[in-house]
Amino acid sequence: MKAIILAASRGKQLGELTEDIPKCMIPFGQETILERQIRLLGEAGIKKSDICVVAGYKAEKIKTIKDISLVFNNEYKVTDNSYSLWLALQNMSDEALVLDGDLVYEAEALRLICEAEGNAVLVAKSNRYNGNTGVSIGKNGRLQAIGKHLFSEKSYASIMKLTPATASVLAENLKDNRTFWYTVALNRILETEMFQVYHTTNHIVGINTYSDYLEAKRYFGIEKDTIWVTGASGFLGQKIYHILKRNFDVVGTKGKSADSEFTAIDLLSKEAVKAYARLMKPSIVVHTAGIAEPEKCEADRAAADRINVEAVKNLAEICNETGMKMIHISTDYVFDGESYEEYGREDNRQPKNYYGITKVRAEDEVKKCRNSLIIRVPVLYGYNHKGDKATFPVKVLEQLISGEPLFLDNKQIRYPVLIDDVAFAVAHSLHKKGIIHVTSKEPVTKYAWAKILAQEFGYDERLIQEDADSSLNDRPQHVKLCVNEQDYEVTNVKRGAEILRKQMACVFQLIYKSNPVEMAYGINIGSYRYELGKKLGFSLPEEIVGRMDYVVPIPNSGLYYAMGLAEQIKVPYLQSLVKPDTLTRSFQISDIALREHVIRQKITPIRELLEDKNIMLVDEAIFTGTTLRIVCDMVKACGARKIYVAIPTPVCRNVCRQYVQPERRLLSWDVGEDVAAYFKVDGVFFQSYDRFEEAHRELGEICKDCFRK
């Protein structure tokens, strides 16, 4: 059998990694991705002399690999993988394995398809890693359709096997499809050519982005790329920390005076910074710490110099010495705002206040770092929790609630940006260098912005008055940051106000995120969860309740619900799963491999309390089912006789559009009503939506979009 590796593309999304080498030649441990593929193909019985690599971008780099055959796609800039595959199939008279050149996989996945008879495609459960190429599978296991137009629980893993006859038919259909994916031609021949589908649970990653690269290295134990967020207790730093934590290994530090559980590091002490870097070994530093208020910088220029400039200089120098990448958050206040033209990355910086002056000096220090990125942002707003600093929207809402009129400036034009959008821009720019801009598109003044907030939150906008006597007070009058393909133009303030309202009234403040001792919407969180657990009792059949030995919470989110349920159904409450609380909740992590690692580290079952018992497990909600599946497996392994699951919230049907949850595929989309079979338990019971609604009827407008029917 032969193997064809399609490796003509550069992979522009990988930035500087592919500046001088094709994507398939980026390092993966002690070998490149392509060398790793060739080694695994050899272990599967395919000799190097039977491997054909289709090269294009920087093809001379692939020439250094001996004993393989090369086919050159000299038109790689204007063609897609259909043309590369067509070139490779011209002289193919044997069975052929076809693989994308950017794949990292386990040997077992390769063996599975190598042993297949006839034509075959390999599919994986997660379609995140394989370019979202969906598949439709018939009852006989035959491939019915394939392509990026399909959305399914299984996705094509970019590995297929062809018989000589089918290879010839496919080649004929490829010759006029130079600018398409080869799956377009593959779709056309499925009526006459039978392809069997082989399912793998092994991990397969297509390296399309820098995030994919970091994820693959972490999963396969090549490297653990840690990101360090400074100022992680601050307004922007918190959001960046938690968004990055969904997919990466992240550590956060705070200043000495900040009140949070993060490690306090004096960024003015080079020795302290070096010691922390040696301990945590981060590969990237995202620097958010600083004084962001112009008034404070003006009032204490010495402090502004130390925190906004000297600390940045220390970090930049240490990044240069250690090879860490530095990502620095800057501001549109580096410009004077005198021009109504857009400001480009290299335009003259002439700040109008001392805050802007310190940020210009900080940018200059960051530029001295060989591997650095400066991200300029306008005025920020958003929501982490009710203890956030009072940003402009919060101040406006407080005033509107009081019923007092507001007199606001209608001269300075700003382009406000949600902190969520900045965090996502950071996550998507880890590979970039130089300067990028993040800005919204539509301009507003404080006066216009406040009107939008009043409309969205339902307050009397007549309270908002124009301040005719306002002055700009050394503020730039109008700065519109120039945006091109590497920058980010993000949510406008109208949509941002809606997101802000729903984040501030998110039901997850009640059911998951808040501490049980806290108050929200005028009620105690622990009491709310206890009562919601009691309501859950009405969803359980009496015959099931009669069999129960214990109600067992999944810690720590299920504790109060389980207490309420146990009280309602008169079954003993038993805490037989143990878990220490930490800053990171598994709910906040979207990467499946990382979530499973965290869950298994954090939850410990007590076998002696579970063995030979009928157990009712209680958790707060089911989204992807990752946590619950692992816990059910643990409880089974302890010898529980029967396992039931009770959930005090309804079925989660919708992805969160307010950024509170990671965007991920929901279990309800894939399993429908057959939830118990998926978890391999004896029954799963959800709170009815009507009872859930009833629990919030007196609390005002609460966002429950993720549960809405």
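Scoring rules and cut-offs
- Chains are numbered independently. Their residues run from 1 in the order of the written sequence.
- Since the coordinates come from a predicted model, pLDDT governs what is reported: local features require at least 70, and pairs of side-chain atoms require 80 or more to be given and counted, while whole-chain, interface and lining totals use all residues.
- Hydrogen atoms and water are omitted, and side-chain values are computed over all heavy atoms in the structure.
- Secondary structure follows DSSP: runs of H or I at least 4 residues long count as helices, runs of E at least 2 residues long count as strands, and numbering of each begins at the N terminus.
- In this treatment the radius of gyration is a C-alpha quantity, and the globule benchmark scales as 2.2 Å times the residue count to the 0.38 power.
- A 1.4 Å probe rolled over the protein chains alone gives each residue an accessible area, and that area as a share of the maximum for its type sets the label: buried under 20%, exposed over 50%, partly exposed in between.
- Two residues form a contact once any of their heavy atoms are found within 4.5 Å.
- Surface exposure here means Shrake-Rupley accessible area, sampled with a 1.4 Å probe, where a residue is shielded only by the protein chains that are shown.
- Lys and Arg are tallied as positive, Asp and Glu as negative. Neither His nor the chain termini are counted.
- In plain terms, the charge of a residue is placed at NZ if it is Lys, CZ if Arg, CG if Asp and CD if Glu.
- Each Phe, Tyr or Trp ring, with Trp reduced to its six-membered ring, pairs with another whose centre is within 6.5 Å; inter-plane angles below 30 degrees give stacked pairs, above 60 give edge-to-face pairs, and intermediate values give tilted ones.
- A ring is considered to have a charge above it if a Lys NZ or an Arg CZ atom is located within 6 Å of its centre and within 35 degrees of its normal.
- A carboxyl oxygen of Asp or Glu within 4 Å of a side-chain nitrogen of Lys or Arg is what we treat as a salt bridge.
- By the convention used here, strands pair only if DSSP detects at least 2 bridges between them.
- Looking down the strands as they point away from you, a crossover is right-handed if its path from the first strand over the helix to the second goes clockwise.
- The set of buried Ala, Val, Leu, Ile, Met, Phe, Trp, Tyr and Cys residues whose side-chain atoms join them within 4.5 Å is what this entry labels a nonpolar core.
- To obtain each axis, a line is fitted to C-alpha atoms, and for helices this fit is confined to the stretch in contact; angles are then taken between N-to-C directions over 0 to 180 degrees.
- Each angle is binned into one of four classes, with values under 35 degrees roughly parallel, values over 145 roughly antiparallel, values of 65 to 115 roughly perpendicular, and all other values oblique.
- Left-handed is the label given to a crossing in which the near helix is rotated counterclockwise from the far helix by less than a right angle, and right-handed is the label when the rotation is clockwise.
- Gly is placed with the polar residues, together with every amino acid not listed as nonpolar (Ala, Val, Leu, Ile, Met, Phe, Trp, Tyr, Cys and Pro) or charged (Asp, Glu, Lys and Arg).
- pLDDT measures how confident the predictor is about each residue, on a scale from 0 to 100.

1. Description of the overall build of the chain
No. 1: A tally of helices and strands in the chain yields 26 helices and 33 strands.
No. 2: For 709 residues, the compact-globule estimate of 2.2 N^0.38 gives 27 Å, and the C-alpha radius of gyration of the chain, at 28 Å, lies within 12% of that figure.
No. 3: In terms of its C-alpha atoms, the chain occupies a principal-axis envelope of roughly 80 × 75 × 50 Å.
No. 4: Each of the 709 residues in the chain was classed as buried or not, and the buried ones make up 57%.
No. 5: Sequence-distant contacts in the chain: of pairs separated by 6 or more residues, those separated by 24 or more amount to 75%.
No. 6: On the chain, roughly 30,100 Å² of surface is accessible, and the fraction owed to carbon and sulfur atoms is 47%.
No. 7: Computed over 94 positive and 95 negative side-chain charges, the separation of the two mean positions in the chain equals 2 Å.

2. Remarks on the environment of Glu 485
No. 1: Its location among the elements puts Glu 485 in the loop between strand 24 (464-466) and strand 25 (488-490).
No. 2: Taking relative accessible area as the criterion, Glu 485 reaches 81% and is therefore assigned exposed.
No. 3: In sequence terms Glu 485 and Ile 113 are 372 residues apart; their C-alpha atoms lie 39 Å from each other.

3. Topic: the packing of aromatic side chains
Two measures describe an aromatic ring pair: the distance that separates the ring centres and the angle between the ring planes.
No. 1: One pass over the structure, following the stated rule, counts 19 aromatic pairs.
No. 2: Here Phe 392 and Trp 449 contribute two aromatic rings whose centre-to-centre distance is 4.9 Å and whose plane-to-plane angle is 35°, an arrangement assigned as tilted. Of the two residues, Phe 392 sits in helix 13 (residues 392-402) while Trp 449 sits in helix 15 (residues 446-457), which places them 57 residues apart along the sequence.
No. 3: You can call Phe 392 buried: its relative accessible area is 15%.
No. 4: Relative to Phe 707, the ring of Phe 692 lies with its centre 5.2 Å away and its plane at 70°, an arrangement referred to as edge-to-face. Linking Phe 692 in helix 26 (residues 689-694) with Phe 707 in the segment after helix 26, this pair joins segments that are 15 residues apart in sequence.
No. 5: Phe 707 gets classed as buried once you look at its relative accessible area, which sits at 1%.
No. 6: Linked through ring pairs, Phe 508, Tyr 512, Phe 623, Phe 692 and Phe 707 together constitute an aromatic cluster.
No. 7: Taking the ring centre of Phe 220 as reference, the NZ or CZ of Arg 36 above it sits at 5.0 Å.
No. 8: If you follow Arg 178 out to its NZ or CZ, it ends over the ring of Tyr 83, 4.2 Å from the centre.

4. What about the environment of Met 160?
No. 1: Inspection of the secondary structure puts Met 160 in strand 11 (residues 155-162).
No. 2: Along the primary structure Met 160 and Val 98 are separated by 62 residues, whereas in three dimensions their C-alpha atoms are 5.3 Å apart.
No. 3: Setting aside chain neighbours within four positions, we find Met 160 in contact with Leu 85, Ala 96, Leu 97, Val 98, Ile 113, Ala 120, Val 121, Leu 170, Tyr 182, Leu 186 and Phe 195.

5. Regarding the pattern of salt bridges
No. 1: This model, assessed by the stated rule, comprises 42 salt bridges.
No. 2: Ionic pairing is found between Lys 274 and Glu 321, a salt bridge with its closest N-O pair at 3.6 Å. Of this pair, Lys 274 sits in helix 9 (residues 270-280) while Glu 321 sits in helix 11 (residues 301-322), and the two are 47 residues apart along the sequence.
No. 3: Note that Lys 389 is salt-bridged to Glu 293, the shortest N-O span being 3.2 Å.

6. Here we look at unusual backbone geometry
No. 1: With an omega of -10°, the peptide bond running from Pro 555 to Asn 556 counts as cis.
No. 2: Mapped onto the elements of the fold, Asn 556 is located in the loop between strand 28 (550-553) and helix 20 (559-569).
No. 3: Positioned with a positive phi, Tyr 521 is a non-glycine residue whose angle comes to about 55°.
No. 4: Looking at the secondary structure, you find Tyr 521 in the loop between strand 26 (519-520) and strand 27 (523-524).

7. Topic: helix 14 (residues 419-428)
No. 1: Counting buried positions over the 10 residues of helix 14 gives eight, a clear majority of the element.
No. 2: Within helix 14, the full set of buried residues consists of Ile 419, Asp 420, Asp 421, Val 422, Ala 423, Ala 425, Val 426 and Ala 427.

8. Let's talk about helix 7 (residues 210-219)
No. 1: With nine of its 10 residues buried, helix 7 lies for the most part within the structure.
No. 2: Turning to helix 7, its buried residues number three or more, namely Tyr 210, Ser 211, Asp 212, Tyr 213, Leu 214, Glu 215, Ala 216, Lys 217 and Arg 218.
No. 3: Phi turns positive, to about 70°, at Gly 221, one or two residues after helix 7.

9. Notes on the pairing of strand 32 (residues 642-647)
No. 1: Burial of strand 32 is extensive: five of the six residues sit out of reach of the surface.
No. 2: Summarising the sheet, strand 31 (residues 614-618) and strand 32 pair through five bridges and their orientation is parallel. Pairing of Ile 615 across the sheet is with Ile 643, part of strand 32.
No. 3: Taken together, strand 31, helix 23 (residues 626-637) and strand 32 constitute a β-α-β crossover, and its handedness is right-handed.
No. 4: Pairing of strand 32 with strand 33 (residues 683-686), which is carried by four bridges, proceeds in the parallel orientation. Counted as the bridge partner of Val 645 is Val 684 from strand 33.

10. Concerning the nonpolar core
No. 1: Ranked by internal contacts, the top residues of the largest apolar core, which has 44 residues, are Ile 207, Ile 240, Leu 244, Val 286, Ile 375 and Leu 430.
No. 2: Not counting the four nearest positions on each side in its chain, Ile 207 is found in contact with Leu 14, Lys 23, Ile 26, Ile 33, Asp 102, Val 104, Asp 212, Tyr 213 and Ala 216.
No. 3: Grouped together as the second largest cluster of nonpolar side chains are 41 residues, Phe 508, Tyr 689, Ala 695 and Leu 699 included.

11. Things to note about the side chain of Lys 502
No. 1: Relative to the helices and strands, Lys 502 resides in helix 16 (residues 493-504).
No. 2: The class of Lys 502 is buried, set by a relative accessible area of 13%.
No. 3: For Lys 502, the contacting residues outside a window of four places in its chain are Gln 658, Cys 703 and Asp 705.

12. Structural notes on the sheet that holds strand 18 (residues 325-331)
No. 1: Read from one edge to the other, the open sheet built from eight strands follows the order 16-15-14-17-18-19-23-25, with strand pairing classed as parallel. Two strands lie at the open edges of the sheet, namely strand 16 (263-264) and strand 25, each paired on one side alone.
No. 2: In this sheet, strand 18 lies alongside strand 17 (residues 282-287) in parallel orientation, the contact comprising four bridges. Bridge assignment links Val 286 to a residue of strand 18, and that residue is Ile 327.

13. Brief notes about the sheet that holds strand 32
No. 1: Spatially, the four strands line up as an open sheet ordered 28-31-32-33, and their pairing is parallel. Taken across any chain shown, the strands that pair with only one partner, and hence form the sheet edges, are strand 28 and strand 33. Averaged over all pairs of adjacent strands, the angle between their axes in this sheet comes to 25°, without regard to strand direction.

14. Thoughts on the packing of helix 15 against helix 16
No. 1: Relative to each other, helix 15 and helix 16 sit at 45°, their axes nearing to 9 Å. Accordingly, the angle class assigned to the pair helix 15 and helix 16 is oblique. In this structure, helix 15 crosses over helix 16, and the sense of that crossing is right-handed. Where helix 15 approaches helix 16, its residues Trp 449, Ile 452, Leu 453, Glu 456 and Phe 457 are matched on the opposing element by Val 493, Lys 494, Ala 497, Glu 498, Leu 500, Arg 501 and Met 504.
No. 2: Grouping the constituent residues of the contact of helix 15 with helix 16 by class yields eight nonpolar, no polar and four charged.

15. Observations concerning the confidence of the model for the chain
No. 1: Averaged over every residue, the pLDDT of the chain is 90; residues scoring 70 or more account for 95%.
No. 2: Predicted confidence for residues 127-131 stays below pLDDT 50, and this span has 23 contacts to residues more than four positions away or in other chains.
No. 3: Here residues 582-601 is a poorly scored stretch, pLDDT under 50, and it has 66 contacts once near neighbours within four places are set aside; other chains count.

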